[in-house]
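# Examining the three-dimensional arrangement
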Amino acid sequence: MLKILERTHVRAESLAVLLVLVVVMAILSPVTGSGVRVFLTANNFFNIILASATFGILAIGATFVISAAGIDLSLGSVLGLASVTGAALVVTLELPWYFAIIGALGAGAAAGAVNGFIITRGHVPAFIVTLGMLGIARGLALIISSGRGIYGLPEEILFLGQARPFGVPTPVFILLFVALASHYVLAHTPFGHHTLALGDNENSARATGINIRRQRMLLYTISGLMAGIAGLIFTARVNTGDPTAGLNYELLAITAAIIGGTNLFGGRGSILGTMIGALIMGVLQNGLNLMAVQAYYQQMAIGAVLIAAVWLDQIRTRGRSLQ
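Before going into details, it helps to say that this report is about the structure given with it. (Residues numbered from 1 in each chain as written. Predicted model: local features only at pLDDT ≥ 70, side-chain atom pairs only at ≥ 80, totals over all residues. Heavy atoms only, no water.)

Here we take up the overall build of the protein chain. Counting its secondary structure elements, the protein chain contains 14 helices and two strands. Taken over the C-alpha trace, the protein chain has a radius of gyration of 19 Å; the compact-globule value for 323 residues is 20 Å, and the two agree within 12%. Taken along the three principal axes of its C-alpha coordinates, the protein chain extends 55 × 50 × 35 Å. Out of the 323 residues in the protein chain, the part that is buried amounts to 50%. Excluding contacts between residues fewer than 6 apart, the proportion of contacts in the protein chain whose partners are at least 24 apart in sequence is 77%. Summed over all atoms, the accessible surface of the protein chain reaches about 14700 Å², with 69% contributed by carbon and sulfur. Of the side chains in the protein chain, 17 bear a positive and 11 a negative charge, and the two mean positions are spaced by 8 Å. (Helix = DSSP H or I, 4+ residues; strand = E, 2+ residues; numbered from the N terminus. Rg over C-alpha atoms; globule rule 2.2 N^0.38 Å. Buried < 20%, exposed > 50% of the residue type's maximum accessible area, 1.4 Å probe, protein only. Contact = heavy atoms within 4.5 Å. Areas by Shrake-Rupley, 256 points an atom, 1.4 Å probe, with all protein chains shown as cover. Lys, Arg positive; Asp, Glu negative; His and termini not counted. Charge placed at Lys NZ, Arg CZ, Asp CG, Glu CD.)

Next up, the structure:
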């Protein structure tokens, strides 16, 4: 079992943290009238997975970028831009329902491509570029929506967020498909191997013939595309193109990726590990909500988890280098 986890870069510690967190939250959660812990109800587990689906897909985008020693701080804002773009096309402009999908995914991918272009062609640090895009994307979302939510999406779009085929919410199927496809790409294709090589040592990757500019450009485009998918799911769930959607979600996405085993400094990444990290964040948020913990304390908890995850990863990396 440990060998399987090692090959997929999934931390055994991450699985242990998830299990411990589930037990703790179950014990501390309120009790229903029938004596069952609220946290342990089937409906609550669906709520956790549904909440995890949105920032879990964002975390997949973050994993691709971070694995190549990059960073994308604009994920949450691009999600909001994708949300209002898709909604505006079918509600405000009254275009056919499928334009919501085209608009949301296109807006996300375009924002990611702009990030990649400026980083690779302008040689501007990714931190600065994506921090700037964080403000630009949020501002564009507010302009498109005039600062208000865009309501009244077609039934075909609502199906993506609210339907339950075979009793399972549609976002769960979307998350599984995106996660499995992304895992295959990162772990079993030349593109994925080039991504990890780039994060491990850029000079060595260049010497082996990897097109560094094209690779980074594609990685940031993929990251933006994931934000577009997440924005579409969010919009379909709440039946609203929301310009404030995804606020601080970049923190959740990056934390989930690092907790799952992705090295913040590149060279190692795991989509499957990221999914475990997303579940950890989902369980943490859900449990704190059930205990009626104030939102600002939740933000503190998530920030502390991020710092602890990076710290422990560095301790683990130094320990390996000394062996």
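From this point, things continue past the structure.
Overall, the coordinates contain five aromatic pairs when judged by the stated rule. Ring geometry for F55 and Y249: centres 6.3 Å apart, planes at 90 degrees, overall edge-to-face. Pair noted here: F55 is in helix α3 (residues 42-67) and Y249 is in helix α12 (residues 249-259), with a separation of 194 residues, a long-range link. The exposure class assigned to F55 is buried, which follows from its relative accessible area of 1%. Centre to centre, the rings of W97 and Y98 are 5.8 Å apart; their planes meet at 80 degrees, and the pair counts as edge-to-face. The class of W97 is partly exposed, set by a relative accessible area of 35%. (Phe/Tyr/Trp six-rings, centres within 6.5 Å; stacked < 30°, edge-to-face > 60°.)

Counting 85 residues, the largest nonpolar core has I57, I60 and M281 as the members making the most contacts within it. No other element matches the 12 residues that helix α11 (residues 212-238) contributes to this core. Setting aside its immediate chain neighbours within four residues, I60 contacts V178, A179, S182, M226, I271, T274 and M275. (Core = buried A, V, L, I, M, F, W, Y, C linked by side-chain atoms within 4.5 Å.)

Along the polypeptide, N44 turns up in helix α3. Classification of N44 by relative accessible area gives buried; the value is 4%.

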